[in-house]
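# Chain and residue survey
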Amino acid sequence: MLRCRLLCSSSLMLGLLSAGLAAPLAAPLAAHGQAAARPATGQATQSESTPGTHVVGQAVATMPAINNIPVYPRTVTDMSGTSVALDKNAHNIADLWFAHNEITVMLGGAERIRVTADKPEDLPWLFKIAPMLRSAETGIRPEIANPEDLLNRHIGLVFVPTRAKAEDLRKTGLPTLDAHYTTLPQMLTSLDMTADALATPYAHLIAAQYRKKLEEVEQRLQTRTSALPAAARPRVLHIARLNPLQIDGADTLINAWIQAAGGRNAAADVSGNHRPVTFEQIAAWNPDMIIIAANAGPVAADAPLHTLAAFRRGKVWTNPQGVFPWDRYGCEELLQLEWAAQKIHPDLFRDLDLRSEVKAFYTQFFRYTLTDDDVTRILAGQPPTTP
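Residues numbered from 1 in each chain as written. Predicted model: local features only at pLDDT ≥ 70, side-chain atom pairs only at ≥ 80, totals over all residues. Heavy atoms only, no water.

### Considerations on the packing of helix H12 (residues 201–225) against helix H17 (residues 354–366)
The relative placement of two packed helices is expressed as an angle between their axes plus a distance between the axes. Their axes nearest at 11 Å, the elements H12 and H17 cross at an angle of 160°. Relative to H17, the element H12 is oriented roughly antiparallel. Facing H12, whose interface residues are Ile-206, Gln-209, Tyr-210 and Lys-213, H17 presents Glu-357, Phe-361, Gln-364 and Phe-365. Of the residues in the contact of H12 with H17, the class split is four nonpolar, two polar and two charged. (Axes fitted to C-alpha atoms, helices over the stretch in contact; angles between N-to-C directions. Helix = DSSP H or I, 4+ residues; strand = E, 2+ residues; numbered from the N terminus. Parallel < 35°, antiparallel > 145°, perpendicular 65-115°, else oblique. Contact = heavy atoms within 4.5 Å. Nonpolar A, V, L, I, M, F, W, Y, C, P; charged D, E, K, R; others polar.)

Next up, the structure:
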């Protein structure tokens, strides 16, 4: 009994966390997702192989419930440099940036989201791996959010994508954080800010693990592509919408992953996301490769785009989409870097097992076990077969 009490103490659990026992921290979502795979027949489980380890296993299994408890009050500095005071009401979250919700989910905050910008029909994988979001008020974007309604719901923490909206909501008494970013380093800063706002050891642990993994991926890409001359870096065009035609230019996260993967943005002389463009302009750029957003839909059979050299050479791909579109501003940006690098430089990244990377990412960061079919559908930008 004394041994169990010791193992169940929060101090020991934090020690186990720091020792690298992150995999058992599946509880924030595991009860709602798929169970972790059991050992193959004939293999002993941890509790069967070593006497007494079932006690440790039981203690570890309770860690998320204990270490996912937020600690308030605290002050958090947002991406605009504004310090925002948070109190115990911050347990109730309104995540009004549709790209940021998967970050909140990844950091163990899914059950705290009371209002979300996302909808099941738009992001079915998000609501599959975090079905508790279905009990939240969905589809509330910053431009339609009603401050009085949020206050009546006792919302104590709001995430938005712009400084202006954060300032507007703070004037109504809502503690609001601007979470925006346009570069990979800024994304990590925003991730750490979100962990600070969630105020749990679990959030900080996952944020640290994500930072380590992203930096490892960036370093691998840098090592393999750094010696490439400009002429060996294909000009990549990212099409955000097909009707009307819209592309992503410089000063965007899209531009960041194209460059990190060893390419050049064909639309680098345009700045910003979802910029309108004519086919004639695209033809003048004549990109070597084209990547089309998963939610842009298929290219019509009679579309002029088919006349481009990239189409004729088979250098056109639909971007993967999982919990959020990989090519945009969510945490699956890490997977996007690997996918894009393999597409842009297949010979340099021939050894990359992307399917295994996707499975491992979902297990580690979303506490969810993907099937082979799930991976196939995500890579094809397709929704899950069941809600």
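### Let's talk about the sheet that holds strand S3 (residues 93–95)
Strands belonging to one sheet form pairs held by backbone hydrogen bonds; the direction of such a pair is parallel or antiparallel. Strand order in the open sheet formed by four strands is S4-S3-S5-S6, with parallel pairing between adjacent strands. Of all strands in the sheet, those with a lone pairing partner are strand S4 (113–116) and strand S6 (176–178), marking the two edges. The average angle at which neighbouring strand axes cross in this sheet is 20°, direction not considered. As paired strands, S3 and strand S5 (residues 157–160) are joined by three bridges and run parallel to one another. The partner of Ile-93 across the bridge, within S5, is Leu-157. Strand contacts of helix H11 (residues 184–198): S3, S5 and S6, with the helix running at about 165° to S5, the strand carrying the most contacts. (Pairing = 2+ DSSP bridges.)

### Brief notes about the packing of aromatic side chains
As enumerated under the stated definition, the model contains 10 aromatic pairs in all. Between Trp-97 and Tyr-329, the ring centres sit 6.4 Å apart and the planes meet at 45°, which makes this aromatic pair tilted. Highlighted residues: Trp-97 in the loop between S3 and helix H7 (101–106) and Tyr-329 in the loop between strand S12 (316–318) and helix H16 (333–344), separated in sequence by 232 residues. The same class applies to Trp-97 and to Tyr-329, which are both buried. An angle of 45° between the planes, with centres 5.8 Å apart, marks the rings of Tyr-181 and Tyr-329 as tilted. With Tyr-181 in the loop between S6 and H11 and Tyr-329 in the loop between S12 and H16, this pair connects stretches of sequence that are 148 residues apart. Given a relative accessible area of 2%, Tyr-181 falls into the buried group. (Phe/Tyr/Trp six-rings, centres within 6.5 Å; stacked < 30°, edge-to-face > 60°. Buried < 20%, exposed > 50% of the residue type's maximum accessible area, 1.4 Å probe, protein only.)

### Here we look at the pairing of strand S7 (residues 235–242)
In regular strands, side chains alternate between the two faces of the sheet. In terms of burial, S7 is a largely internal element, six of the eight residues being buried. Two strands pair when backbone bridges link them, and S7 and strand S11 (residues 289–292) are joined in this way by four bridges, in the parallel orientation. Residue pairing across strands places Val-236 opposite Met-289, the latter belonging to S11.

### Here's the deal with the side chain of Asp-248
Structurally, Asp-248 is set in the loop between strand S8 (245–247) and helix H13 (253–260). A distance of 3.0 Å separates a polar atom in the side chain of Asp-248 from the backbone nitrogen of His-274. Dropping the residues within four chain positions of it, Asp-248 is found in contact with His-238, Ala-240, Ile-254, Asn-265, Ala-267, Gly-272, Asn-273, His-274 and Arg-328. (Polar contact = N/O pair within 3.5 Å; in protein donor to acceptor, adjacent residues only side chain to side chain.)

### Focus on H12
With 25 residues, H12 ought to run about 36 Å at 1.5 Å a step, and its terminal C-alpha atoms sit 36 Å apart, in line with that. All buried positions along H12 are accounted for by Tyr-202, Ala-203, Leu-205, Ile-206, Ala-207, Gln-209, Tyr-210, Leu-214, Val-217, Leu-221 and Thr-225. (Expected span 1.5 Å × (residues − 1).)

### Overview of the pattern of salt bridges
For the structure on display, the rule yields 15 salt bridges. Two residues, Arg-224 and Asp-351, come together in a salt bridge whose shortest N-O distance is 2.8 Å. With Arg-224 in helix H12 and Asp-351 in the loop between H16 and H17, this pair connects stretches of sequence that are 127 residues apart. Given the relative accessible area of 56%, Asp-351 is considered exposed. Sharing partners across several salt bridges, the network here consists of Glu-137, Asp-149 and Arg-153. (Salt bridge = Lys/Arg side-chain N within 4 Å of Asp/Glu carboxyl O.)

### Section: the environment of His-345
For His-345, the position within the fold is in the loop between H16 and H17. Taking the relative accessible area as the measure of exposure, His-345 reaches 8% and is therefore buried. Distance from His-345 to Arg-224, taken between C-alpha atoms, is 9.6 Å for residues 121 residues apart in sequence. Residues within four places of His-345 in sequence aside, it is in contact with Thr-225, Leu-228, Ala-232, Pro-234, Ala-261 and Gly-262.

### Overview of unusual backbone geometry
For the bond from Tyr-72 to Pro-73, the omega torsion is 5°, close enough to zero to count as cis. On the secondary structure map, Pro-73 appears in the loop between helix H6 (63–67) and strand S1 (74–77). Residue Pro-244 follows Asn-243 across a cis peptide bond; omega there is 0°. Along the polypeptide, Pro-244 turns up in the loop between S7 and S8. Of note, the phi angle at His-274 is positive, near 50°, even though the residue is not glycine. Position of His-274 relative to the elements: it lies in the loop between strand S9 (264–265) and strand S10 (275–276).

### Some thoughts on the pairing of S1
Of the pairings in the sheet, the one linking S1 to strand S2 (residues 83–86) comprises four bridges and is antiparallel in character. Bridge assignment links Thr-75 to a residue of S2, and that residue is Ala-85. Taken together, S1 and the strand that follows it, S2, pair antiparallel across an intervening segment of five residues, in which Gly-81 is found at a positive phi of about 90°.

### With respect to the nonpolar core
Core analysis: the largest hydrophobic core is formed by 79 residues, its most contacted members being Met-106, Leu-107, Tyr-210, Phe-361, Tyr-362 and Phe-366. Excluding residues that lie within four positions of it along the chain, Phe-361 makes contacts with Tyr-210, Cys-331, Glu-332, Leu-334, Leu-335 and Phe-366. Within the second largest apolar cluster, 19 residues are counted, among which are Ala-267, Phe-279, Ile-292 and Phe-311. (Core = buried A, V, L, I, M, F, W, Y, C linked by side-chain atoms within 4.5 Å.)

### Digging into helix H18 (residues 372–379)
If you check which residues of H18 are buried, you get Asp-374, Val-375, Arg-377 and Ile-378. Viewed along the axis of H18, the buried residues span an arc of 165°, placing them on a single side of the element. Its buried side turned inward, H18 meets helix H8 (124–129) and H17. Looking at the residues trailing H18, positive phi occurs at Gly-381, about 70°. (Arc of directions from axis to C-beta.)

Read these as layout, nothing more, since geometry by itself doesn't imply function.
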